[in-house]
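Each chain, written out:
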Amino acid sequence: MKIWPEDPSTVIVAVFSGIAATRMAGLPICNPALAVEAIGFRQADSGHWVGALVTPWAINLLCLPGHADWPAAAAGSHCDWAFPSGVYEFIVADEASLGRYHLCSLFSPAGEFASHEQARLTALAAITALFNDPLAAPPAPVDAAPAGRRAFLGLRG
């Protein structure tokens, strides 16, 4: 298993740029307005690396091992990861130059993005939201009769 003691962004971009130029080149699911970019990678509380990846064919969240305590799961299986915003299901993947990693698809294909900047900002918003606490539920409605004019003005009955 490959462990990433430092930010894997540069290697991720190199690997997926190679995939874009070879295996994905010319496929109709690719959006020519998009390039490969790793966004917001940082170590989560688990010590593993988490960030977003924009490619011409998809926008994904990625998790890569930051230490040896990494879930042992076969490629193609599913693994849940907990973040401040909730628990999300990731797919286990394997790429020779990266080793085992987990991905969570946000947009696939990514055809609705008119520009790379639009895709980049979307990915940045997703990774920011991932590490934020969930929004509080709206308050429950009060079961009371609608207030009259006097109540609206702060007057009693």
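In this text the structure is predicted, and so the values were computed from the model without any measurement.

About the thresholds
Residues numbered from 1 in each chain as written. Predicted model: local features only at pLDDT ≥ 70, side-chain atom pairs only at ≥ 80, totals over all residues. Heavy atoms only, no water. Salt bridge = Lys/Arg side-chain N within 4 Å of Asp/Glu carboxyl O. Buried < 20%, exposed > 50% of the residue type's maximum accessible area, 1.4 Å probe, protein only. Disulfide = S-S within 2.5 Å. Core = buried A, V, L, I, M, F, W, Y, C linked by side-chain atoms within 4.5 Å. Helix = DSSP H or I, 4+ residues; strand = E, 2+ residues; numbered from the N terminus. Contact = heavy atoms within 4.5 Å. Pairing = 2+ DSSP bridges.

Caption draft 1: Molecular detail of the pattern of salt bridges. Considering all chains together, one arrives at 3 salt bridges under this definition. Between Asp94 and Arg100 there is a salt bridge whose closest N-O contact spans 3.5 Å. Asp94 gets classed as partly exposed once you look at its relative accessible area, which sits at 44%.

Caption draft 2: Quick look at the state of the cysteines. According to the stated counting rule, one finds 0 disulfides in the structure shown. Note on Cys63: no disulfide assigned, nearest cysteine sulfur contributed by Cys79 at a separation of 8.1 Å.

Caption draft 3: Structural context of the nonpolar core. Counting 23 residues, the largest nonpolar core has Val50 and Phe83 as the members making the most contacts within it. Among the elements of the structure, strand E2 (49–54), strand E3 (59–64), strand E4 (78–83), strand E5 (86–95) and helix H2 (116–130) are those that each provide at least two residues to this core. It is H2 that provides the largest number of residues to this core, a total of 4 residues. If we ignore the near neighbours within four places in the chain, the residues touching Phe83 are Ala44, Val50, Cys63, Tyr88, Phe90, Leu130 and Phe131. Among the nonpolar cores identified, the runner-up in size contains 19 residues, and Ile12, Ala58, Leu98 and Tyr101 belong to it.

Caption draft 4: Structural context of the pairing of E5. As paired strands, E4 and E5 are joined by 6 bridges and run antiparallel to one another. Following the sheet pairing, Cys79 is matched in E5 by Phe90. Counting the residues in the hairpin turn of E4 and E5 gives 2 residues. Here 5 bridges tie E5 to strand E6 (residues 99–107), and the two strands are oriented antiparallel to one another. From the neighbouring strand, Glu95 faces E6, where its bridge partner is Gly99.

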